[in-house]
Amino acid sequence: MRKIVLLIIQKIFLLGTILMLLALYILRYFTMRKMGMARYMVYFREKWSGKELGCFSLLQWCVLVILLLLSLALFLIIKRLFFYFGGKVLRERGEKEAFPLFPVSYTAVLILYSLLYFFSLVGSPGREYTASLIVHVLMQIFSVLFLSTYLRKGTRHEK
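Draft legend 1. Focus on the overall build of the chain. Each helix and strand in the chain was counted, giving 5 helices and 2 strands. Going residue by residue from the N terminus, the α and β elements of the chain occur as α-α-β-β-α-α-α. Residues classed as buried in the chain amount to 38% of the 159 residues present. Carbon and sulfur atoms form 70% of the exposed surface of the chain, whose accessible area is close to 10,200 Å².

Draft legend 2. Structural view of the packing of helix H1 (residues 2-33) against helix H4 (residues 101-120). Contact geometry of H1 with H4 gives a least axis separation of 12 Å together with a crossing angle of 30°. The orientation of H1 with respect to H4, classified from their angle, is roughly parallel. For the element pair H1 and H4, the recorded crossing hand is left-handed. Judged by residue contacts, Leu 14, Thr 17, Ile 18, Leu 21 and Leu 24 of H1 engage Tyr 106, Leu 110 and Tyr 113 from H4. Broken down by class, the residue content of the contact of H1 with H4 amounts to 7 nonpolar, 1 polar and no charged.

Draft legend 3. Structural detail: the nonpolar core. Of all hydrophobic cores here, the largest spans 32 residues; its most connected members are Val 63, Leu 81, Phe 118 and Leu 147. The dominant element in this core, judged by the number of residues it contributes, is helix H5 (residues 129-156), at 10 residues. Not counting residues up to four positions away in its chain, the partners in contact with Leu 147 are Leu 74, Ile 77, Ile 78, Leu 81, Pro 103, Val 104 and Thr 107.

Draft legend 4. Fine view of the environment of Glu 97. When you line up the elements, Glu 97 lands in the loop between helix H3 (58-84) and H4. By relative accessible area, Glu 97 is classed as partly exposed at 27%.

Draft legend 5. Here's a closer look at the packing of H3 against H4. Between H3 and H4, the shortest axis-to-axis distance is 11 Å and the interhelical angle comes to 160°. Relative to H4, the element H3 lies roughly antiparallel. For H3 against H4, the interelement crossing comes out left-handed. Within the contact between the two elements, H3 uses Gln 60, Val 63, Leu 64, Leu 67, Leu 70, Ser 71, Leu 74, Ile 78 and Leu 81 and H4 uses Val 104, Thr 107, Ala 108, Ile 111, Ser 114, Leu 115, Phe 118 and Phe 119. Taken together, the residues of the contact of H3 with H4 sort by class into 13 nonpolar, 4 polar and no charged.

Draft legend 6. Representation of the packing of aromatic side chains. Counted by the stated rule, this structure contains 7 aromatic pairs. Aromatic rings pair up to connect Phe 102, Tyr 106, Phe 146 and Tyr 150 into one cluster.

Draft legend 7. Here's a closer look at a nonpolar patch on the surface. On the surface, Leu 15, Leu 19, Leu 22, Tyr 25, Ile 26, Tyr 29 and Phe 30 cluster together to form a nonpolar patch covering roughly 680 Å² of accessible area. Within the secondary structure, Leu 15 is located in helix H1.

Draft legend 8. A look at H4. With 20 residues, H4 should cover 28 Å at 1.5 Å per step; its first-to-last C-alpha distance of 28 Å lies within 8% of that length. Listed in full, the buried residues belonging to H4 are Pro 103, Val 104, Tyr 106, Thr 107, Leu 110, Ile 111, Ser 114, Leu 115, Tyr 117 and Phe 118. What you see down the axis of H4 is that its buried residues fit within an arc of 165°, all on one side. Facing away from the buried side of H4 by more than 90 degrees, the exposed set consists of Phe 102, Val 109, Leu 112 and Leu 116.

Draft legend 9. Focus on the confidence of the model for the chain. A residue-level look at the chain finds 83% of positions with pLDDT of 70 or above and a mean pLDDT of 79. Of the regions scoring below 50 in pLDDT, residues 155-159 engages in 8 contacts with residues more than four places distant in sequence or in other chains.

Draft legend 10. Local environment of the environment of Lys 47. Relative to the helices and strands, Lys 47 is located in helix H2 (residues 35-49). Placed 83 residues apart in sequence, Lys 47 and Thr 130 show a C-alpha to C-alpha distance of 9.7 Å.

What counts as what
- Residues numbered from 1 in each chain as written.
- Predicted model: local features only at pLDDT ≥ 70, side-chain atom pairs only at ≥ 80, totals over all residues.
- Heavy atoms only, no water.
- Helix = DSSP H or I, 4+ residues; strand = E, 2+ residues; numbered from the N terminus.
- Buried < 20%, exposed > 50% of the residue type's maximum accessible area, 1.4 Å probe, protein only.
- Areas by Shrake-Rupley, 256 points an atom, 1.4 Å probe, with all protein chains shown as cover.
- Axes fitted to C-alpha atoms, helices over the stretch in contact; angles between N-to-C directions.
- Parallel < 35°, antiparallel > 145°, perpendicular 65-115°, else oblique.
- Left-handed = near helix turned anticlockwise from the far one by under 90°.
- Contact = heavy atoms within 4.5 Å.
- Nonpolar A, V, L, I, M, F, W, Y, C, P; charged D, E, K, R; others polar.
- Core = buried A, V, L, I, M, F, W, Y, C linked by side-chain atoms within 4.5 Å.
- Phe/Tyr/Trp six-rings, centres within 6.5 Å; stacked < 30°, edge-to-face > 60°.
- Patch = residues over 30% accessible without salt bridge, like charges linked within 9 Å, V, L, I, M, F, W, Y side chains within 5 Å.
- Salt bridge = Lys/Arg side-chain N within 4 Å of Asp/Glu carboxyl O.
- Expected span 1.5 Å × (residues − 1).
- Arc of directions from axis to C-beta.
- pLDDT = per-residue confidence, 0-100.

In structure tokens, the structure reads:
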């Protein structure tokens, strides 16, 4: 029963990250095509930008700190998974479980994408930059939670 619940939670978090990527695409598409959406995104960016602290606004500092903390959590989860599987990335014959290479790669690519997006548009943010930052943070939370379910799956067998 626990295995089924854990599998369902994994699928929910994976679906959540995919839906966040889809939301980023839809947000970008409509801000480029519809003037009303573009005006609202400019209003939203001005409303949320807040005070400038150095070269970033307060929201950008918060997003940067959250992304860095999620990157640290991701690193610790990958390290723990790597040690749990004895440093073997590929499964050998006769082993039941293998290192979750696809989920680790997927989560690492998403965090790198978010950090690249953050730093690429700092100087001249686009219309949808602020809303996209919030969606990126939500996407990273979902992806780290998705990977942490593999950690829970791994620690359950350590008895």
